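Here is what each chain is made of, one letter per residue.
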Amino acid sequence: MLYSNTKPTESMESMESVESSSSSLPKIILLKPPPIFVHFETQFSRHFHFLKAYESPLPLPSFLAAAAADGVAAMFATANGPQITAESVFDHIPSLCCIVSSAVGVDHIDLVECRRRGIVVANAAGVSASDCADFAVGLVVDVFRKVTGGDRFVRSGGWCSDEFRLGRRLGGKTVGIVGLGRIGSAVAKRLHAFNCRILYNSRNKNPSVPYSFYSNVCDMAADSDVLVVCCSLSDETRHLINKEVLTALGKEGIIVNVARGPIIDEKELVRFLLEARIAGAGLDVFEREPSVPQELFSLDNVVLAHHQAGFTEECFQDLFELVKGNFEAFFSNKPLLSPVV
Amino acid sequence: MENNTSDHKPVIIIHRLPSCESFLTNHLTTTYTLLDPIAAAGPEPAAVRAYLRLHGSSARALLCVEPIPLGSDIMDCLPSLECIVSATTGTDHIELSECRRRGISVTNLGDAFSVDVADYAVVLLLDVLRNVSAGDRFVRVGSWVEQPEFSLGFRISGKRVGIVGLGNIGSRIAKRLISFGCSIAYNSRKKHPDVPFPYYNNIHELAIHTDILILCCSLTDETRHMINKDVLTALGKEGVIINVGRGALIDERELVRFLVDGRIAGAGLDVFEDEPTVPKELFGLQNVVLSAHHAVCTHQSFKAIIDVVLANLEAFYSNKPLLTPVNL
């Protein structure tokens, strides 16, 4: 499980090789490699021929135009890549018919434009819900019990028998879940086993769950000890967690985000943490990944992660099969396995 | 610390490490007279014993603040000693057979810490399997910006968890891990008749059928180094071990060897054989989470320590049944 420094082997592809490639494999445009591609490039490349925009000397519009001339119809999108809009992509590659995203979130794709142009889109729905929930809960308990901070303490040689680093008991605390979808529900189930009280804020109330519904996230924050953000990013949820919500959460409150960075007003969050106006945070996502606000590095009550809530061997295997299956379905004129409706 | 015996408050001996005075003592001085040999005579064992012989002859109770050795050498100096109140859950640091022989009662903290230790064992497991602390290090040193490569963790759901010691802590761990989709099996001194999980009377067998071993049993002569080379081999290359019990449950030298050689997949360790010493070889490993015996460290647990200690002392001095007596 070592965080290694080995780089994948790189292969440069020029304009010429795009046109004259002897590969008979179906072609897929790749603007930027998602983590699943970094891990499974060899396996993917047995089935598809990837046209890598990030390795081309051409500016993106020219690269896409060349692919259009070649009739390339499929694209593999990543959440950490460029926004996929008419201006950035669609106008340059009218041949595009299908986008498969490696992520659940498709906020980086202009779905309205896709619908208008008849471009089908698939995402990774369902693959990583339990893993994301596990990670979210890990972050919650870690912040409460100062596990990562404690590990740092030991590794720095600082263990002294007279130092008390008291954490807080999780049992009896109230957890407000923002977005009670697959991930949010799984988080609720796990934290319930830790004797937490569960509240949730969602677009709609779900009558079949035993948790208290809040239509307003600020009201929920006022009644919560912990906020766990599990919703998708949309125009409605951008900067949903703002100064008012953080104030309502309060000095003893903790926030965990495994959804999308822009759901939280990051500048405000950093301010609140630096001024100890909330008690801590567990953050897997940020507004401008992989950039993380440097001010957070000095804080012991913050656990930082690198968008890794879905990073398990099992999830990646499932995701690989799903992405491959979606592309195979498209190339055989069958319906996508996990279309975004 | 004043050793004032003229105010007729019952006397309590304070048994502690030299390095710090305990937060507990502030809560005792109203009701009790405290005799603190280290404060009065210094940390030298001979000086402590001399002081106790001189001043502690009427002391009926002793407060053991930390899990430090308490044996006949101290008990010999306290002829009136009838009750040892230990501000710990474990009592392996006390010569219990001597207590039995001398008719000295012993109390511990009972169930006060169980919830916090259970929560901690689970979060150590999550951290090891999902690289939480390793990921935090990855971000803080700037690796996320520089390189796209990273390690994948392992899914929790479906993992076979073997709990060693299915008491107050172990049963709470089981409840939590079931909600993550784990399956539970256990090893214990005796099979629990009303527990639905598979029982293994042999730790080696449990390790064979387990992906993750969680140690939350007490340290006794039987359990010392119960996790040895054979058990670690049985646990296997994909196996993980979590220890929130006592360091000496594991043959630490072997564990370090297995971890360094990659013969087990990872470990979450809150306790060590020779605290606060942690084997330096572990500091370079990404698949190990290290903790400074913090599984009990919450504000709520510390308040519970005060409550349970005070309640046991009060019960003792009122001739009422002790709150959390230890079976001797």
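Reading guide: rules and limits
- Each chain carries its own residue numbering, running from 1 in the direction its sequence is written.
- The naming scheme follows written order: chains are lettered A onward, ligands numbered 1 onward.
- The predicted origin of the model limits local features to residues at a pLDDT of at least 70 and limits the giving and counting of side-chain atom pairs to 80 or more, whereas totals for whole chains, interfaces and linings rest on all residues.
- Each side-chain value is derived from all of the structure's non-hydrogen atoms; neither hydrogens nor water enter the calculation.
- Only runs of H or I of at least four residues qualify as helices and only runs of E of at least two qualify as strands under DSSP, and these elements are numbered from the N terminus.
- To get the radius of gyration, use the C-alpha atoms; to get the globule rule, take the number of residues to the power 0.38 and multiply by 2.2 Å.
- Using a 1.4 Å probe on the protein chains alone, a residue whose accessible area is under 20% of its type maximum counts as buried, one over 50% counts as exposed, and one in between counts as partly exposed.
- Whether two residues touch is decided by their heavy atoms; if any such pair falls within 4.5 Å, the residues are in contact.
- All accessibility values rest on the Shrake-Rupley procedure with a 1.4 Å probe; residue burial counts only the protein chains present in the view.
- Counting rule applied: Lys, Arg positive; Asp, Glu negative; His and chain ends not counted.
- Lys charges are placed at NZ, Arg charges at CZ, Asp charges at CG and Glu charges at CD.
- In these notes, a set of buried Ala, Val, Leu, Ile, Met, Phe, Trp, Tyr and Cys residues joined through side-chain atoms within 4.5 Å is what counts as a nonpolar core.
- A pair of strands is treated as paired once DSSP finds two or more bridges between them.
- Axes here refer to lines fitted to C-alpha atoms; in helices the fit is confined to the stretch in contact. Angles between the N-to-C directions go from 0 to 180 degrees.
- Whether two aromatic rings pair depends on their centres lying within 6.5 Å, for rings of Phe, Tyr and Trp, where Trp uses its six-membered ring; planes under 30 degrees apart make the pair stacked, over 60 edge-to-face, and the rest tilted.
- Charge-over-ring placement is defined geometrically: NZ (Lys) or CZ (Arg) within 6 Å of the ring centre, and within 35 degrees of the ring normal.
- Buried area counts how much accessible surface, traced with a 1.4 Å probe, disappears from two parts once they are put together, with both parts' losses summed.
- One side-chain nitrogen of Lys or Arg within 4 Å of one carboxyl oxygen of Asp or Glu is enough to make a salt bridge.
- Polar contact criterion, stated in full: a pair of N or O atoms within 3.5 Å, where within protein one must be able to donate a hydrogen and the other to accept it, and residues adjacent in sequence count only if both atoms are side-chain atoms.
- Each angle gets one of four labels, with under 35 degrees taken as roughly parallel, over 145 as roughly antiparallel, 65 to 115 as roughly perpendicular, and the rest as oblique.
- Less than a right angle of anticlockwise turn of the near helix away from the far helix marks a crossing as left-handed, whereas a clockwise turn marks it as right-handed.
- Polar here means any residue outside two lists: the nonpolar Ala, Val, Leu, Ile, Met, Phe, Trp, Tyr, Cys and Pro, and the charged Asp, Glu, Lys and Arg; Gly therefore counts as polar.
- Each helix should span, by expectation, one fewer than its residue count multiplied by 1.5 Å.

Focus: the overall build of chain A
Counting its regular elements, chain A contains 11 helices and 12 strands. Taken over C-alpha atoms, the radius of gyration comes to 22 Å for chain A, in line with the 20 Å a tight globule of 341 residues would show. Looking at chain A residue by residue over its 341 residues, the buried ones come to 55%. Long-range contacts, defined as pairs at least 24 residues apart, comprise 62% of the intrachain contacts of chain A with a sequence gap of at least 6. When the accessible area of chain A is evaluated, it comes to approximately 14300 Å², of which 51% is carbon and sulfur surface. Here chain A contributes 32 positively and 39 negatively charged side chains, and the mean placements of these two sets differ by 5 Å.

A short note on the nonpolar core
With 98 residues, the main nonpolar core has Val 187 and Leu 191 of chain A together with Ile 173 and Leu 177 of chain B as its most contacted residues. Excluding residues that lie within four positions of it along the chain, Leu 191 of chain A makes contacts with Val 137, Val 140, Leu 170, Val 175, Cys 196 and Ile 198 of chain A. By size, the runner-up hydrophobic cluster in this structure holds 62 residues, among which are Ile 28, Leu 249, Ala 281 and Phe 330 of chain A.

Observations regarding the sheet that holds strand β6 (residues 160–164) of chain B
Residues and elements named next belong to chain B. Strand order across the open sheet formed by six strands is β7-β6-β8-β9-β10-β11, with parallel pairing between neighbours. Edge positions in the sheet fall to β7 (183–187) and β11 (288–290), since each of these pairs with one other strand and no more. Averaged over all neighbouring strand pairs, the angle between strand axes comes to 15°, with direction disregarded. Judged from the three bridges that link them, strand β10 (residues 266–269) and β11 form a sheet pairing that is parallel. Looking at the pairing, Ala 267 lines up with Val 288 of β11.

Section: the packing of aromatic side chains
In this description, a pair of aromatic rings is defined by centroid distance and the angle of the planes. According to the stated counting rule, one finds 23 aromatic pairs over all chains in the structure shown. Between Phe 44 of chain A and Phe 320 of chain A, the ring centres sit 4.7 Å apart and the planes meet at 65°, which makes this aromatic pair edge-to-face. Of this pair, Phe 44 of chain A sits in helix α2 (residues 35–45) while Phe 320 of chain A sits in helix α11 (residues 313–331), and the two are 276 residues apart along the sequence. Ring centres of Phe 311 of chain A and Phe 150 of chain B lie 4.4 Å apart, and the angle between their planes is 25°; on these two criteria the pair is classed as stacked. On the criterion of chain membership, the pair formed by Phe 311 of chain A in the loop between β12 (302–304) and α11 and Phe 150 of chain B in the loop between α7 (143–146) and β6 is interchain, its members lying in two chains. Three or more aromatic residues joined by ring pairs form one cluster here, namely Phe 37, Phe 40, Phe 44, Phe 48, Phe 50, Phe 76, Phe 320, Phe 327, Phe 330 and Phe 331 of chain A. In this arrangement the basic side chain of Arg 277 of chain A is found over the ring face of Phe 272 of chain A, its NZ or CZ atom lying 3.9 Å from the centre. One Lys or Arg, Arg 263 of chain B, reaches over the ring of Phe 258 of chain B and ends 3.9 Å from the middle of that ring.

Looking at the environment of Leu 166 of chain B
Residue and element names in this part refer to chain B. Secondary-structure assignment places Leu 166 in the loop between β6 and α8 (168–179). A C-alpha to C-alpha distance of 9.6 Å links Leu 166 and Lys 190, two positions 24 residues apart in sequence. For Leu 166, the residues in contact, after removing those within four places along its chain, are Ser 171, Tyr 186, Asn 187, Ser 188, His 192, Val 195 and Phe 197.

Topic: the interface of chain A and chain B
Of the residues lining the interface, 72 residues belong to chain A; the matching set on chain B comes to 71 residues. With both sides pooled, the region where chain A packs onto chain B buries about 6400 Å², and carbon together with sulfur makes up 60% of that total. Scanning the region where chain A abuts chain B turns up six salt bridges. Among the salt bridges present, the one from Glu 314 of chain A reaches Lys 159 of chain B, with a minimum N-O distance of 3.2 Å. On inspection of chain A and its partner chain B, the count reaches 33 residue pairs in polar contact (both at pLDDT 80 or more). Of all the secondary-structure elements, those providing two or more residues to the side of chain A that touches chain B are α2, α5 (129–145), α6 (147–155), α7 (182–193), β12 and α11 of chain A.

Regarding the side chain of Lys 324 of chain A
Mapped onto the secondary structure, Lys 324 of chain A falls in helix α11. For Lys 324 of chain A, the residues in contact, after removing those within four places along its chain, are Phe 44, His 47 and Phe 48 of chain A.

Looking at the packing of helix α5 (residues 114–130) of chain B against α8 of chain B
Residue and element names in this part refer to chain B. Two elements in contact, α5 and α8, have axes separated by 8 Å at closest approach and are oriented at 50°. By the angle class used here, α5 and α8 are oblique. Read as a crossing pair, α5 and α8 show a hand that is right-handed. Listed contacts from α8 to Ser 114, Val 115, Val 117, Ala 118, Asp 119, Ala 121, Val 122 and Leu 125 of α5 are Asn 168, Ile 169, Arg 172, Ile 173, Arg 176 and Leu 177. Tallied by class, residues from the contact of α5 with α8 come to nine nonpolar, two polar and three charged.

A few points about the pairing of strand β3 (residues 61–64) of chain B
All names here are of chain B. Every second residue of β3 is oriented toward a common face, with Ala 61 and Leu 63 on one face and Leu 62 and Cys 64 on the other, all of them buried. Of the pairings in the sheet, the one linking β3 to strand β4 (residues 83–86) comprises four bridges and is parallel in character. Within the sheet, the bridge partner assigned to Leu 62 lies in β4 and is Ile 84.

Considerations on the sheet that holds strand β5 (residues 120–122) of chain A
Residues and elements named next belong to chain A. With parallel pairing, five strands are arranged side by side in an open sheet as β2-β1-β3-β4-β5. For this open sheet the edge positions go to β2 (49–52) and β5, each flanked by a neighbour on one side alone. Geometrically, the sheet is characterised by an average inter-axis angle of 25° between neighbouring strands, direction not taken into account. Two strands pair when backbone bridges link them, and strand β1 (residues 27–30) and β2 are joined in this way by four bridges, in the parallel orientation. When the sheet's bridge partners are listed, Leu 30 is paired in β2 with Lys 52. Of the strands in this sheet, β1, β3 (74–77), β4 (98–101) and β5 touch α11, which is tilted by about 165° from β3.

Regarding α7 of chain A
Compared with an ideal rise of 1.5 Å per residue, which puts 12 residues at 16 Å, α7 of chain A spans 17 Å between its outermost C-alpha atoms and is within 8% of the ideal. Taken together, the buried positions of α7 of chain A are Ile 183, Gly 184, Ala 186, Val 187, Ala 188, Arg 190, Leu 191 and Ala 193 of chain A. Against α5, β6 (174–178), β7 (197–201) and β9 (226–229) of chain A together with α8 of chain B lie the buried residues of α7 of chain A.

What about unusual backbone geometry?
Where the residue is not glycine, phi is negative for most of them; where a peptide bond is considered, it is trans in most cases. Look at the link from Glu 289 of chain A to Pro 290 of chain A: it is a cis peptide, with omega at 0°. Relative to the elements of secondary structure, Pro 290 of chain A occurs in the loop between β11 (280–283) and β12. Following Glu 275 of chain B, the chain continues to Pro 276 of chain B via a peptide bond in cis, the omega torsion being 0°. Following the sequence through the fold, Pro 276 of chain B ends up in the loop between β10 and β11. Positive phi, close to 55°, is recorded for His 307 of chain A, a residue that is not glycine. Located in the positive-phi region is His 293 of chain B, a residue other than glycine, with phi close to 50°.

Notes on the side chain of Ser 95 of chain A
Residue and element names in this part refer to chain A. Relative to the helices and strands, Ser 95 is located in the loop between β3 and β4. Since its relative accessible area comes to 18%, Ser 95 is described here as buried. For Ser 95, the side chain forms a polar contact with the main-chain oxygen of Val 72, separated by 2.6 Å. For Ser 95, the residues in contact, after removing those within four places along its chain, are Ala 67, Ala 68, Gly 71, Val 72 and Ala 73.

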